[in-house]
Amino acid sequence: MDQQQNDFFDYIKILVRRKWLLVIPAILATAAAVYLALNLQAYYLSTTLILVEQQRISETYVTPTDSTPFEQRINTIQQQVMSRTNLEKIIVNLN
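Along every chain, residues carry numbers that run from 1 in the direction the sequence is written. Local features in this predicted model are restricted to residues of pLDDT 70 or higher, and side-chain atom pairs are both shown and tallied only at a pLDDT of 80 or more, whereas totals for entire chains, interfaces and linings draw on every residue. By convention in this description, side-chain values take in all heavy atoms of the structure and omit both hydrogens and water.

Let's talk about the packing of aromatic side chains
Then, number 1: Only Phe, Tyr and Trp rings take part, Trp by its six-membered ring, and two of them pair if their centres are within 6.5 Å. Stacked means planes under 30 degrees apart, edge-to-face means over 60, and tilted covers everything else. Inspection of the entire model under this criterion finds one aromatic pair.
Then, number 2: Aromatic side chains F8 and F9 sit 5.7 Å apart centroid to centroid with 65° between the ring planes, which places their arrangement in the edge-to-face category.

In structure tokens, the structure reads:
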């Protein structure tokens with residue numbers, strides 16, 4: 001039991017003697033993190049998935065309301081989302 005207690009105090013003495021080996025890297029890492037957080041340019045990336053499915057119910061029961069091709073629908077949605085007015089609203093809201 002006495003040997004274990006000596007080992008514990010030996011470890012404490014080692015930590016006290018070598019405290020600068022722990023303190024200096026912690027300070028440098030904190031300073032580097034603060035510098036990067038303040039000076040890195042904000043970068044945002046957003047993605048979405050739009051699922052377009054064909055009509056499943058037979059046309060004899062329900063007539064389709066929209067007969068435009070899928071590619072044209074996707075292109076229209078893209079133009080609406082990426083329009084200047086829509087993007088300006090987002091920029092103003094998020095500064």
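Here we look at the confidence of the model for the protein chain
Then, number 1: Per-residue pLDDT for the protein chain averages 85, and the proportion of residues at 70 or more is 97%.
Then, number 2: For the protein chain, the element scoring lowest by mean pLDDT is helix α1 (residues 2-17), at 83; helix α2 (residues 19-39) scores highest, at 94. Per-residue confidence from the predictor is given as pLDDT, running between 0 and 100. The helix and strand labels rest on DSSP assignments: H or I over at least four residues marks a helix, E over at least two residues marks a strand, and numbering proceeds from the N terminus.

Focus on helix α4 (residues 84-94)
Then, number 1: Burial classification: accessible surface area is computed with a 1.4 Å probe over protein chains only, and a residue below 20% of its type maximum counts as buried, one above 50% as exposed, and the rest as partly exposed. α4 sits mainly on the outside: zero of its eleven residues count as buried.
Then, number 2: Just beyond α4, the residue with positive phi is N95, at close to 60°.

With respect to the pattern of salt bridges
Proximity of charged atoms lets side chains of opposite charge pair with each other.
Then, number 1: The rule for a salt bridge is simple: a side-chain nitrogen of Lys or Arg has to be within 4 Å of a carboxyl oxygen of Asp or Glu. Applying the stated criterion across every chain yields a total of one salt bridge.
Then, number 2: Two residues, R84 and E88, come together in a salt bridge whose shortest N-O distance is 3.1 Å. Of this pair, R84 and E88 both sit in helix α4, four residues apart, roughly one helical turn.
Then, number 3: The exposed category is assigned to R84, whose relative accessible area is 65%.

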